[in-house]
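# Survey of secondary and tertiary structure
Each chain, written out:
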Amino acid sequence: MDNENLPSIIAGKPIRCRAAICRAPGEPLVIEEITVDPPKSHEVRVRIICTSLCYSDVTFWKMKDFPAVFPRILGHEAIGIVESVGENVIEVAEGDIVIPHFLADCMECADCKSKKSNLCSMFPFKVSPWMPRYQTSRFKDLKGETIHHFLSVSSFTEYTVVDIAHVVKVDPAVPPNRACLLSCGVSTGVGAAWRTANVEAGTTVAIFGLGSIGLAVAEGARICGATRIIGVDVNPEKFEIGKMFGVTDFVHSKNCGGKSVSQVIIEMTDGGADYCFECVGLASLVHEAYASCRKGWGKTIVLGVDKPGSQLRFSSFEVLHHGKVLMGSLFGGLKAKSDIPILLKRYMDKELELDKFVTHEMRFEDINKAFDLLKEGKCLRCVIWMDK
Ligand SMILES: [Zn+2]
Ligand SMILES: [Zn+2]
């Protein structure tokens, strides 16, 4: 690489910066100085502007066994500015504003070229501790020990390195503390309604679990024109917050007067909801969602995942006679490079509402407080500013 032509004086050299390291499961992150190697071919080094905490960060922070590894830099929802690029990177240049995304979009494999899939086969989704193309790390602590990557992003650091298949250039006019939400969680929920289910105007939607993903599904269903959005949750307080996201009806799953949730929804909707979304990650709830959607055209979309090895069981008779659709949705079925810019434009056009997802903002130094808030269920999204 010909570094002399690059204005950045640190391009091509390791950078020393601060990162929040997860050194042991469940222990507070430690802010330390690290070195970040320059990007290799097809890689980009990014200065993070802000990052937000997603529940998967908490899951992998607590997890003791593989695929959890330590030390690791967590974080996978972010926005940043390209500091330097490796060889063979033409899509972005130094100074571009970019959003990293955990699900690859290589734009070359059969899946990325197809409109029907967002599941890249060149870089299939896995929770790897390495950069996806070389199976190595770009991070070291000051003792020279390797620090592991997370979900091809690792955003709890002032600088990170991301493969070009995991980064999309975005409009710099969008406020970064809103744009970063489209890096994972909000995109997943909105995309599940918009791209995976393709919710039609005037339809009825049921959402199982009103956490931040379920609320993002509600927002997606709302902008698609769904007229009735039924929220299902064990906690009736979720209805109040759900209303802000377009939820029109509420089913308290612990208090259905002796009926199952699906019986209640079938009665409410005179035959079942047009679309059901499972946003918790419980096999039993997938069955309940499937039972709640209308025969003939009902679609059930699964966004959550249950414990490893858990199974779903369906009666063969029911599958044939009810003609329903059951689909999984990773990253909301979105193709990151084309769909994230569309969602950002819809935010700028005041159609997609992102502001209401941000319940907290804080400085990088306070990142452990963000973990506490999310664990206690007190926040939807906490934006962490790297330089404030
Ligand atoms: Zn691909
Ligand atoms: Zn996430």
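An unreviewed UniProt entry annotates the protein chain as Alcohol dehydrogenase originating from Melia azedarach.

So, on to the overall build of the protein chain. Counting its secondary structure elements, the protein chain contains 11 helices and 17 strands. Relative to the compact-globule value of 21 Å for 388 residues, the protein chain shows a C-alpha radius of gyration of 21 Å, a close match. Along the first, second and third principal axes, the C-alpha atoms of the protein chain reach 70 × 40 × 40 Å. Out of the 388 residues belonging to the protein chain, those deemed buried represent 48%. When contacts within the protein chain are restricted to residue pairs at least 6 apart in sequence, long-range pairs at least 24 apart make up 70% of them.

Once that is clear, we can look at the sheet that holds strand E11 (residues 228-233). Reading across from one edge, E12-E11-E10-E13-E14-E15 is the order of the six strands in this open sheet, with parallel pairing throughout. Because the sheet does not close on itself, it has two edges, and the strands there are strand E12 (249-252) and strand E15 (325-328). Neighbouring strand axes in the sheet, compared pairwise and without regard to direction, differ in orientation by 20 degrees on average. Two elements, strand E10 (residues 204-208) and strand E13 (residues 275-278), share four bridges in a ladder whose sense is parallel. By the bridge assignment, alanine 206 is partnered in E13 with cysteine 276. The strands that helix H8 (residues 283-292) touches are E10, E13, strand E14 (299-302) and E15; relative to E13, the one it contacts most, it runs at about 175 degrees.

Between helix H7 (residues 261-269) and H8, the least distance of the axes is 8 Å, while the angle of their chain directions is 20 degrees. Our classification of the angle between H7 and H8 gives roughly parallel. In the crossing of H7 with H8, the sense of the turn from one axis to the other is right-handed. Residues Val261, Ser262, Ile265 and Ile266 of H7 lie in contact with H8, whose contacting residues are Glu288, Ala291 and Ser292.

Turning our attention to the confidence of the model for the protein chain. Of all residues in the protein chain, 98% attain a pLDDT of 70 or more, and the chain-wide mean is 96. The model gives residues 1-5 a pLDDT under 50, and that stretch makes five contacts with residues more than four places away or in other chains.

Ranked by size, the top nonpolar core spans 113 residues in total, and within it Val205, Ile207, Phe208, Val217 and Phe277 carry the most contacts. Here this core takes six residues from helix H5 (residues 212-223), the largest share from any one element. With near-sequence residues (within four places) excluded, phenylalanine 208 lies in contact with Val232, Cys276, Phe277, Glu278, Cys279, Val280, Leu285, Glu288 and Ala289.

This next bit is on the pairing of E15. Inspection of the sheet shows E14 paired to E15 by four bridges, in the parallel sense. Bridged to lysine 299 within E15 is valine 325. After leaving E14, the chain enters helix H9 (residues 316-322) and then returns to the sheet as E15, a path that is right-handed.

Our focus in this paragraph is the pairing of E10. For E10, the buried fraction is high: five of the five residues fall into the buried class. Here E10 shows a buried face lined by Thr204, Ala206 and Phe208 and a second buried face lined by Val205 and Ile207. Bridge count between E10 and E11: five bridges; the pairing is parallel. In the strand pairing of E11, threonine 204 is matched with arginine 228. One crossover worth recording links E10 to the parallel E11 by way of H5, and it is right-handed.

The subject of this paragraph is the sheet that holds strand E6 (residues 139-141). Taken in spatial order, the four strands of this open sheet run E1-E2-E6-E7, and their pairing is antiparallel. Both outer strands of the open sheet, strand E1 (15-21) and strand E7 (146-147), are each paired with one neighbouring strand and no more. Across two bridges, the pairing between E6 and E7 is antiparallel. Considered in E7, the bridge of lysine 140 is made with threonine 146.

Criteria and cut-off values
- Residues numbered from 1 in each chain as written.
- Chains lettered and ligands numbered in written order.
- Predicted model: local features only at pLDDT ≥ 70, side-chain atom pairs only at ≥ 80, totals over all residues.
- Helix = DSSP H or I, 4+ residues; strand = E, 2+ residues; numbered from the N terminus.
- Rg over C-alpha atoms; globule rule 2.2 N^0.38 Å.
- Buried ≥ 20, exposed ≤ 12 C-beta atoms within 10 Å, placed from the backbone.
- Contact = placed C-beta atoms within 7 Å.
- Pairing = 2+ DSSP bridges.
- Axes fitted to C-alpha atoms, helices over the stretch in contact; angles between N-to-C directions.
- Parallel < 35°, antiparallel > 145°, perpendicular 65-115°, else oblique.
- Left-handed = near helix turned anticlockwise from the far one by under 90°.
- pLDDT = per-residue confidence, 0-100.
- Core = buried A, V, L, I, M, F, W, Y, C linked by C-beta atoms within 7 Å.
- Right-handed = clockwise from strand over helix to strand, strands pointing away.

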